[in-house]
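So the chains spell out like this:
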Amino acid sequence: MAPHVVAATKVRGRVEAMIADHALLTAFQPIRSLDSGSVIGAEALSRFLSSPGNSPEAWFAEAESVGLGLELEIAALETALSAARGVPPFVYVAFNVSPGLCLDPRLVQLLSGAGVPARRIVLEVTERHPVLDYGPLAAALSGLRRDGIGIAVDDAGAGFASMRHILQLKPDVIKLDRNIIAGIDSDLGQRALGAAMVGFATQIGAVLVAEGIETFQELEAAADLGMSAGQGFLLGRPTVRPEDWTSWREKPALKGRPWRANEAADG
């Protein structure tokens, strides 16, 4: 048997065992209002119990290489949705989903049976694969929106693909890439781009989340520019501990959709 076939067989076996054994955990990283400092959301991040040397990105890449990308993604989403029931009810939860999963009928089934209200769910559309035809994807996301689910585009400003995502998908939430936030307090070009993104988000009615905030100076600069929410190590690291999630119970439940800043303010 050819070496590449042997290697692929081993990879498939590892991924299939991971899925069969449910050897995944979910960490949640808080997303905070830059106005009040309160936790308004949390991003679900997969953690794998086997082979700790392999990053989550490596697991998903290996699964994709042997045609099991969607299967692993579904297993990770099932785990995250189950864990999300332990997150306080006023906090929205963001789940990463590929364009391929958005088009898979199993996604609607998973979300409808998750036990998490639709208004608390935000789907972050990832860029693992290029989108050749936005029509079917936009239609699928439109149906989810009608159910009350929010749509986010991640890593905005990182490249052309993310901006095309924004223009085509018209997201409810725009997550501004760490490359723009890092050093935004001292770099005039980054500040100008950040201000432009604030204006753009306002024009299309989207919530802007600054990702990767790691210093007080970056936090202050993002808030001064009018960014409504932030995420990063300074504001809270990812954690798999349910007792950490429940510690976010510092604000009463909000009306409307918690990822929609103006509705949260009215609650």
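This section reports on the structure supplied with the text. The numbers attached to residues start from 1 for each chain and follow its sequence in the written order. It should be noted that, the model being predicted, local features are given only for residues of pLDDT at least 70 and side-chain atom pairs only at 80 or more, the latter also being counted only at that level, while totals for whole chains, interfaces and linings use all residues. Neither water nor hydrogens contribute to the side-chain values; these are computed over all heavy atoms in the structure.

On to the pairing of strand β5 (residues 150-156). Of all seven residues in β5, six are buried, a share of seventy percent or more. Any two strands are treated as partners once DSSP identifies two or more bridges connecting them. Secondary structure elements follow DSSP: runs of H or I of four or more residues count as helices, runs of E of two or more count as strands, with numbering from the N terminus. As paired elements, strand β4 (residues 121-125) and β5 share four bridges and run parallel to each other. Paired with E124 across the two strands is A152, which belongs to β5. Sheet analysis places β5 next to strand β6 (residues 173-176), joined by three bridges and oriented parallel. Exposure categories follow from relative accessible area, calculated using a 1.4 Å probe and restricted to protein chains: below 20% of the type maximum is buried, above 50% is exposed, and the middle band is partly exposed.

Okay, the pattern of salt bridges next. Note on definitions: salt bridges are taken to be side-chain nitrogens of Lys or Arg within 4 Å of carboxyl oxygens of Asp or Glu. Enumeration over the complete set of coordinates arrives at twelve salt bridges. With its nearest N and O atoms 3.6 Å apart, the salt bridge here joins E211 to K175. Of this pair, E211 sits in the loop between β7 (207-210) and α10 (216-224) while K175 is found in strand β6, placing the two residues 36 residues apart along the sequence. The class of E211 is buried, set by a relative accessible area of 10%. Via salt bridges that share partners, E43, E124, K175 and E211 belong to a single interconnected network.

Turning our eyes to something else, we now look at the pairing of strand β1 (residues 24-33). Within β1, nine of the ten residues are buried, leaving the element largely enclosed by the surrounding structure. Where β1 and strand β2 (residues 39-48) come together, nine bridges link them in antiparallel fashion. Across the sheet, F28 pairs through a bridge with A44, a residue of β2. Between β1 and the antiparallel strand that follows it, β2, lie five residues; G37 among them carries a positive phi value of about 85°. Judged from the two bridges that link them, β1 and strand β8 (residues 229-230) form a sheet pairing that is antiparallel.

Another point: the side chain of T239. Tracing the backbone through its elements, the reader meets T239 in the loop between β8 and α11 (242-246). For T239, the side chain forms a polar contact with the main-chain nitrogen of R241, separated by 3.1 Å. Within 3.5 Å is the distance limit for a polar contact, defined as a pair of N or O atoms, with the added protein rule that one can donate a hydrogen and the other accept it, and that residues adjacent in sequence qualify only through two side-chain atoms. A polar contact is formed between the side chain of T239 and the side chain of D244, at a distance of 2.6 Å. Whether two residues touch is decided by their heavy atoms; if any such pair falls within 4.5 Å, the residues are in contact. Not counting residues within four places of it along the chain, the set of residues in contact with T239 comprises T26, A27, F28, D244 and W245.

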